[in-house]
Structure formats: C-alpha cells, structure tokens
Amino acid sequence: MSIFQTIFKRRTIRSFKQDAIQPEKLKKLVDAARVAPQAANLQPLKYVIINDEKLLEPIFKTTAWAGYIRPAADPQEGQKPVAYILILVDSEIKKEGYDVDAGAAVENLLLTAVEEGLGTAWLGAIDRKKIKELLNIPDKYIIHTLVALGYPGENPVIEDEKDNSIRYYKDENNVLHVPKRKLEDIVFFNNKIV
Ligand SMILES: Cc1cc2nc3c(=O)[nH]c(=O)nc-3n(C[C@H](O)[C@H](O)[C@H](O)COP(=O)(O)O)c2cc1C
C-alpha cells in the first residue's frame, strides 16, 4: 500500500474487535510519531501506552464520541477500544504552540496503525483532569489528546460532500459516511483564488 493509499484508507474507527494488540506494535506506532517533523526539533511530546485491562473501562469513561450523531456511533459493549495512546506535552520543553507538533506526530501514528491493520480514533473530547488522576500524570505534563485503538470492527467510507455539509452520518446499513470537501473546491493555482 502506498502512502497515498494509506492516507485514503485511514478513517476514524469507533467500533473495534476485541483482539489484543501486541505491545511491540503499539511501540512501533509511537516510534513513527517520534520522528515526525517538529518545530525547532524541540520534540516536546511524550506518549503513554495504555493496555492494562483494568484501565480500559475507566479511560473509556473519560471519552466522548461522534458529536454529530451521538450516541449512534458510540462504541457499544464488546466493541470498545482495546488500547489507548495518550499524547502528552512536556511543558518544560514547550508551553505553547505545540498543536502543530502534535498534529504531525499523531498523523504519523495513525497512518502507521493503518499499515499494521489497526483502527484508530483520535480523541480530543476527553476528561483531562480525570485522566491525569487515573494515570498519576505529573503536573509538568499537559494532556494533549488521546488515540483509541483496536482492530477495526467497521468500514466507514469517505465521499465528496454534498450541499456544503461536512457532517458525517450513518446510513440504513449502519455504515458511517464521512464527507470531505471536494478537491476542486479547496485547491487553487497561483492567483486564481475565489
Ligand atoms: C484533534 C481531533 C480531535 C478529535 N476528537 C474526537 C472526539 O473526541 N471524538 C470522536 O468521536 N472523534 C474525534 N475526532 C475524529 C473526527 O471526528 C474525525 O477525524 C472526522 O469526523 C473525520 O473523519 P475521518 O477521521 O474518518 O476522516 C477528532 C479528530 C481530531 C483531528
């Protein structure tokens, strides 16, 4: 699979098979994140792999899913993530402007997951205070976002948006459709911006 094909194959997954993920695989995803482009090469990010079964349900309770169609796309019992990777910012290295660094790193992680046959959901709607307590995260770390993981239990599809609506939806067969803005609507050459 080319990088381009991998990029198109990646979708946010919100239903997971319950097979465990080998710890080495999870570390490989962090390895991919580790080498992403980083402003001034500061590399302020740290990663916590969460795969202890005792922690999975408490962490799940800190998450919120698919705001446009809640609760239709919430992971159901037996479909919840089997691991998480928490993205932390070390505030002793960088205190602000780390979103771009995290974006580049997490996208590397998500694409490597696709290559490994894994599904991911990158989650920002999380209870950061609760996660800090649950995992005893020292104060110097800012909780950025959380990536939920598992082997995919659904096959969402992308499509060109219609009527300027970017809201994802589920069809009568419970398939998630993810509208993307059309290429011709977002790309311009030189001075041809409209
Ligand atoms: C920074 C960020 C935060 C997100 N937070 C959530 C979230 O809290 N819950 C959720 O279900 N999806 C979350 N998503 C996933 C988006 O809803 C998803 O990327 C979008 O609908 C497009 O679908 P796609 O990833 O399949 O292209 C987040 C995505 C990003 C980039």
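The rules behind these values
- Residues numbered from 1 in each chain as written.
- Predicted model: local features only at pLDDT ≥ 70, side-chain atom pairs only at ≥ 80, totals over all residues.
- Heavy atoms only, no water.
- UniProt positions renumbered as here; feature names shortened; annotations may be inferred.
- Helix = DSSP H or I, 4+ residues; strand = E, 2+ residues; numbered from the N terminus.
- Rg over C-alpha atoms; globule rule 2.2 N^0.38 Å.
- Buried < 20%, exposed > 50% of the residue type's maximum accessible area, 1.4 Å probe, protein only.
- Contact = heavy atoms within 4.5 Å.
- Areas by Shrake-Rupley, 256 points an atom, 1.4 Å probe, with all protein chains shown as cover.
- Lys, Arg positive; Asp, Glu negative; His and termini not counted.
- Charge placed at Lys NZ, Arg CZ, Asp CG, Glu CD.
- Core = buried A, V, L, I, M, F, W, Y, C linked by side-chain atoms within 4.5 Å.
- Polar contact = N/O pair within 3.5 Å; in protein donor to acceptor, adjacent residues only side chain to side chain.
- Pairing = 2+ DSSP bridges.
- Axes fitted to C-alpha atoms, helices over the stretch in contact; angles between N-to-C directions.
- Parallel < 35°, antiparallel > 145°, perpendicular 65-115°, else oblique.
- Left-handed = near helix turned anticlockwise from the far one by under 90°.
- Nonpolar A, V, L, I, M, F, W, Y, C, P; charged D, E, K, R; others polar.

As recorded in an unreviewed UniProt entry, the protein chain goes by the name Nitroreductase, listed as coming from Clostridium pasteurianum BC1. One UniProt comment on the protein chain, placed under Cofactor (unreviewed entry), says "FMN". UniProt's Sequence similarities (unreviewed entry) comment on the protein chain is quoted here verbatim: "Belongs to the nitroreductase family."

For the rest of this paragraph, the subject is the overall build of the protein chain. Secondary structure assignment for the protein chain yields six helices and seven strands. Computed over C-alpha atoms, the radius of gyration of the protein chain comes to 18 Å, within 12% of the 16 Å expected from 2.2 N^0.38 for 194 residues, which places it in the range of a compact globule. In terms of overall dimensions, the protein chain has C-alpha extents of about 50 × 45 × 30 Å along its principal axes. By the burial criterion, 42% of the 194 residues in the protein chain qualify as buried. Within the protein chain, contacts between residues separated by at least 24 positions form 75% of all contacts whose residues are at least 6 apart in sequence. Accessible surface for the protein chain amounts to roughly 11,300 Å². Of this, 53% is attributable to carbon and sulfur atoms. When the 28 positive and 28 negative side-chain charges of the protein chain are each reduced to one mean point, those points stand 2 Å apart.

The next thing to look at is the nonpolar core. Within the largest apolar cluster, 23 residues are counted, with the highest numbers of intra-cluster contacts made by Ile21, Leu29, Ile85, Ile87, Leu109, Val147 and Leu149. Elements with a minimum of two residues in this core: helix H2 (23-34), strand E2 (83-90), helix H4 (99-115) and strand E4 (141-150). Looking at this core element by element, the count peaks at six residues for H4. In this structure, isoleucine 21 is in contact with Leu26, Val82, Ala83, Leu118, Leu149, Gly150 and Tyr151, ignoring residues within four places of it in sequence. Core analysis: the next-biggest nonpolar cluster, separate from the first, contains 20 residues, Leu86, Leu88, Leu146 and Ala148 among them.

Before going further, it helps to examine the side chain of threonine 112. In this fold, threonine 112 is placed in helix H4. A relative accessible area of 14% means that threonine 112 is categorised as buried. At 2.8 Å, the side chain of threonine 112 forms a polar contact with the backbone oxygen of asparagine 108. Threonine 112 has contacts with Lys28, Leu29 and Ala32, leaving out every residue within four places of it along the chain.

This paragraph deals with the sheet that holds strand E3 (residues 119-123). Ordered by their spatial adjacency, four strands build an open sheet running E1-E2-E4-E3, and the pairing between neighbours is antiparallel. Taken across any chain shown, the strands that pair with only one partner, and hence form the sheet edges, are strand E1 (45-50) and E3. Within the sheet, the average angular offset between the axes of one strand and its neighbour, ignoring direction, is 25°. Bridging between E2 and E4 involves eight bridges; their strand directions are antiparallel. Counterpart to alanine 83 in the pairing with E4 is leucine 149. Strands in contact with H2 are E1, E2 and E4; relative to E1, the strand with the most contacts, it is inclined by about 170°. With respect to the sheet, helix H5 (residues 128-135) is in contact with E1, E2 and E4, its orientation differing from that of E4 by roughly 85°.

Take the sheet that holds strand E5 (residues 157-160) next. Taking strand neighbours across the sheet as the criterion, the three strands line up as E5-E7-E6 in an open arrangement whose pairing is mixed. Pairing within the sheet leaves two strands with one partner each, and these edge strands are E5 and strand E6 (169-170).

Attention now goes to the packing of helix H3 (residues 53-60) against H5. Between H3 and H5, the least distance of the axes is 10 Å, while the angle of their chain directions is 165°. What the angle tells us is that H3 and H5 run roughly antiparallel. Crossing of H3 over H5 shows right-handed handedness. Residues Leu55, Pro58 and Ile59 of H3 form the contact with H5, whose participating residues are Ile131, Leu134 and Leu135. Taken together, the residues that form the contact of H3 with H5 break down as six nonpolar, no polar and no charged.

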